[in-house]
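Spelled out from the first residue to the last, the chains are:
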Amino acid sequence: MKSVFKIDNFEIKEDGKVFIIAEAGVNHNQKLDLALKLVDVAKDAGADAIKFQTFKAEDVVTEEGEMATYQKKNTGEDKSQREMLKGLELPDDYYGPIMTRCKEMGILFMSTPHGGKKSVDFLEGLGVKVYKIGSGDLTNYILLDKVAKTNKPLILSSGMATMEEVKNAIKFIRSQGNNQLAVLHSTTNYPCPPEEVNMLALKTMMEELDVPVGYSDNGVGGSEVGIVAAALGAAIYECHFTLDKSLPGPDHVASADPMELKAKIGAIRKAQVILGKSEKTPNKSEIDSMLTLVRKSIVAAKDLKSGHIIGEDDLEAKRPGDGVSPVEFEKFLGKKLKNAIKKDHKIRFEDIA
């Protein structure tokens, strides 16, 4: 059985309403007004939550760490990873105003404890309701241990991971007494090209894992990926976004702009409406206005005299369907008519002997 749990008031389960996270990440550029605008855009786009990243550069990487290839490409710079991250930290005094804006807008605040145990302690002090762990920390059991023991819901991204690594991480988190866990399929490439999405891997994860599975979207442009994820029954969808792709920083160019974010979320919501329910039954609108109008009734194919023995050539099916269904036509064959029936008139069971 798949585990089901709640994040705030949202039920996290596959084939339910997709829990959508707008990933602001480090796209605030250390400007409070920009961070607050990101909250507004996420809410306007229809996201359920907005997520930032909590860290101090020295808690993430040693001095010898290099920038990732995509970071060098996206920024046009080549410096130490620590130096780059220093300029992406979200100042501590921004959290209060950001969380207040989230509460006012009715959107859940989230943040990834990117800076390890110290970041978890900081976020615990803020009373966060859920933790999201990035792909780079899937094998960081020191961090997983710390977060699991908060007994709060945990969402774990799985970019770069094998299925065995994912299963081992789930097993470890549960060994710490935390069963409120979901996993996101993702590809650690920014932006992720279509040929590296591998959405069939999401399907495999949903089949093999007993926790809710979702998708973290690092691509840009169209809504196709989100639609496919929703169609497969993903429990969660996460998407990176920015106010402006041309802003300086490593992630802006690989993030959805406000219009793209709104289109992606709108497409997911519409896809779920289209998916509807799994039971094959007539819809209310069909029953109310179409069923009788479009379906057919058994009628006389020609004028038939009283006492006539009904054969196959005597019967036809025509609209409307307020008479005997042609499903029953064999019950009339070989029977004698009690009275004459004109062509196109309905034949009912009371008309036969």
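Structural data are supplied above this passage.
Everything numeric in this text was worked out from a predicted model, so none of it was measured.

Caption draft 1: Representation of helix H10 (residues 224–232). Every buried residue of H10 is accounted for by Gly 226, Ala 229 and Ala 230. The buried residues of H10 occupy an angular sector of 95° when projected down its axis, which confines them to one face. In this fold, the buried residues of H10 make contact with helix H9 (199–208), strand E9 (213–217), strand E10 (236–240) and helix H11 (258–275). Residue Gly 233 follows H10 closely and has a positive phi angle near 100°.

Caption draft 2: Representation of the sheet that holds strand E8 (residues 181–185). Taken in spatial order, the eight strands make up an open sheet running E5-E4-E3-E10-E9-E8-E7-E6, and their pairing is parallel. Only two strands of the sheet have a single neighbouring strand rather than two, namely strand E5 (108–113) and strand E6 (131–133). Across the sheet, the axes of successive neighbouring strands diverge by a mean angle of 25°, strand direction being ignored. Alignment of strand E3 (residues 19–25) against E10, held across five bridges, turns out to be parallel. Looking at E10, one finds that Ala 22 is bridged to Cys 239. This element, helix H5 (residues 95–105), spans strand E4 (49–54) and E5 of the sheet and lies at about 140° to E5. Along the sheet, helix H6 (residues 117–126) contacts E4, E5 and E6; its crossing angle with E5, the most-contacted strand, is approximately 160°.

Caption draft 3: Region of the structure containing the packing of aromatic side chains. The full count for this structure, using the stated rule, is six aromatic pairs. Judged by centre distance (4.4 Å) and plane angle (25°), the rings of Tyr 141 and Phe 172 are stacked. Of the two residues, Tyr 141 sits in helix H7 (residues 141–148) while Phe 172 sits in helix H8 (residues 163–175), which places them 31 residues apart along the sequence. Its relative accessible area of 30% is what places Tyr 141 among the partly exposed residues.

Definitions and cut-offs
Within each chain, residues carry numbers counting from 1 in the order of the written sequence. The predicted nature of this model means local features are confined to residues of pLDDT at least 70 and side-chain atom pairs, given and counted, to a pLDDT of 80 or more, with totals for whole chains, interfaces and linings taken over all residues. Side-chain figures throughout are based on the complete set of non-hydrogen atoms in the structure, without hydrogens or water. Here's how the labels work: a residue is buried when its accessible area is under 20% of the maximum for its type, exposed when over 50%, partly exposed in between, all with a 1.4 Å probe on protein chains only. Counting from the N terminus, the helices are the DSSP runs of H or I reaching at least four residues and the strands are the DSSP runs of E reaching at least two. Working definition: the arc comes from the directions between the helix axis and the C-beta atoms, pointing outward to the latter. Here, residues are in contact when the closest pair of their heavy atoms is within 4.5 Å. A strand pair is defined by DSSP finding two or more bridges across the two strands. An axis is simply a line fitted to the C-alpha atoms; with a helix, the fit covers only the stretch in contact. Between two such axes, the angle follows the N-to-C directions and lies from 0 to 180 degrees. Two rings from Phe, Tyr or Trp (for Trp, the six-membered ring) form a pair when their centres sit within 6.5 Å of each other. Planes less than 30 degrees apart are called stacked, planes more than 60 degrees apart edge-to-face, and all others tilted.

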